[in-house]
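Coordinate inspection notes
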Amino acid sequence: MKIELAKSYGFCFGVKRAIEIAEKSSGAVTYGELIHNPLEINRLQNDYNVGLAKNLDDIKSDTVIIRTHGITKEDKEILESKNKTLIDATCPFVTKPQEIVKEMSENGYDVVIFGDINHPEVKGVKSYSTNQNRTFVVLDIEELKNIKLHEKIAIVAQTTRKVSEFLKLVDYLVTNYKEVRVFNTICNATFENQDAVRELAKKADVMVIIGGKNSSNTKQLYLISKQFCNDSYLIENEDELNKSWFKNKNLCGVSAGASTPEWLIQNIIKKIKQIKD
Ligand code: F3S
């Protein structure tokens, strides 16, 4: 059986940057998971003494690293009021929609955020609005149709959303409202990994997608893969591999989410080769 990696996979620019920042910040803690990958978080803890605090009250260190997906404006203010030294590892592609939401709400626009209201990135982005009552998070067109918007509207998207879905919302807004400012804040890294997984899944007999099960971009890769290759599996580590997946298969495709480290991908490829032999 041949094993082929997708043309684009794994760490994106924002995650690489956040990890480099963390590796230089021994003794600090991250508030929330730096990236969506438990194994990488353990590595940072063990090799670089970078801790993890899930709640504000658990933070004992004087230095706090802000995770890749950003935090809410309120949480940032609390940390500042406690005189913590903040090291900002927020991905610049996440800082961008935060700034847009702030500016547009200040200028009297209703703000629509296309994304998952429970995702930390979206919570953070929304918190920057200066008019919370006129800021709406929607997951689909039906939710959007239920909102009575004012004349001036700005729309942004969670970085990991699908462009085709975003365009449906944009189309609806432009058709029904006079002034619509559209900011495509979907991240290129997500497209590149998605295009590559699609291409590979079309020809593979089995696909293994590696990444945190709570990582939204990994889940999207898995769903795309599943569309084109029914034998697609999402795993976090090598222990989850199952020999039966590879029986009578000629081509195994491998891809990984934007928070998945290279060492983990290589370990899993090695293990697939071993269990196949
Ligand atoms: Fe940033 Fe895009 Fe990665 S938003 S964290 S470069 S997937």
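Coordinates for the structure precede this section.
My aim in this report is to walk through the structure given alongside it, one point at a time. Quick caveat: nothing in here was measured; it's all calculated off a predicted structure. (Residues numbered from 1 in each chain as written. Predicted model: local features only at pLDDT ≥ 70, side-chain atom pairs only at ≥ 80, totals over all residues. Heavy atoms only, no water.)

As for the site of the ligand
- As a structural note, the neighbourhood of the ligand is formed by Cys12, Gly14, Thr68, Cys91, Phe93, Thr159 and Cys187.
- Spatially, the ligand is embedded in the largest cavity.
- Across the shell around the ligand, the residue classes break down as 4 nonpolar, 3 polar and no charged. (Near = heavy atom within 4 Å. 1 Å grid on protein atoms, 1.4 Å probe; cavity = no way out; pocket = protein on both sides within 12 Å on 5 of 7 lines; lining within 4 Å. Sits in = over half its atoms within 2 Å of the grid points. Nonpolar A, V, L, I, M, F, W, Y, C, P; charged D, E, K, R; others polar.)

Some points on unusual backbone geometry
- At Asn49, a position not held by glycine, the phi torsion is positive, near 55°.
- Within the fold, Asn49 resides in the loop between α2 (38-48) and β3 (51-53).
- When its relative accessible area of 46% is taken as the criterion, Asn49 is described as partly exposed.
- Its identity is not glycine, yet Asn248 carries a phi of approximately 60°, on the positive side.
- Within the fold, Asn248 resides in the loop between β11 (232-235) and β12 (251-256).
- The exposure class assigned to Asn248 is exposed, which follows from its relative accessible area of 71%. (Helix = DSSP H or I, 4+ residues; strand = E, 2+ residues; numbered from the N terminus. Buried < 20%, exposed > 50% of the residue type's maximum accessible area, 1.4 Å probe, protein only.)

Observations concerning empty space enclosed by the protein
- Tallied over the full model, the rule gives 2 cavities of 30 Å³ or more.
- Here the largest cavity defines a volume of roughly 280 Å³.
- Forming the boundary of the largest cavity are 25 residues, of which Cys12, His69, Thr159, Thr160 and Ala258 lie nearest the centre.
- Going through the elements one at a time, α1 (13-23), α4 (92-106), α8 (188-203) and α9 (216-228) are the ones with two or more residues in the lining of the largest cavity.
- Computed from the structure, the second largest cavity encloses a volume of approximately 50 Å³. (Points joined across faces, edges and corners; volume = space filled by probe spheres on them.)

Concerning the environment of Val101
- As for its position among the elements, Val101 is in helix α4.
- A relative accessible area of 1% means that Val101 is categorised as buried.
- Placed 81 residues apart in sequence, Val101 and Glu20 show a C-alpha to C-alpha distance of 28 Å.

Considerations on the sheet that holds strand β9 (residues 179-182)
- Taken together, the 4 strands give an open sheet; going across it, the order is β7-β6-β8-β9, and neighbouring strands pair in parallel fashion. Whereas interior strands pair on both sides, the edge strands pair on one side only; in this sheet they are β7 (135-138) and β9. Strand-to-strand twist in this sheet, taken as the mean axis angle between neighbours without regard to direction, amounts to 20°.
- Strand contacts of helix α7 (residues 163-176): β6 (110-114), β7, β8 (152-157) and β9, with the helix running at about 175° to β8, the strand carrying the most contacts. (Pairing = 2+ DSSP bridges. Axes fitted to C-alpha atoms, helices over the stretch in contact; angles between N-to-C directions. Contact = heavy atoms within 4.5 Å.)

Quick look at the environment of Val137
- Along the polypeptide, Val137 turns up in strand β7.
- For the pair Val137 and Asp116, spaced 21 residues apart in sequence, the C-alpha to C-alpha distance is 7.2 Å.
- Excluding anything up to four places from it in sequence, Val137 contacts Ile113, Gly115, Asp116, Ile117, Val122, Lys126 and Glu143.

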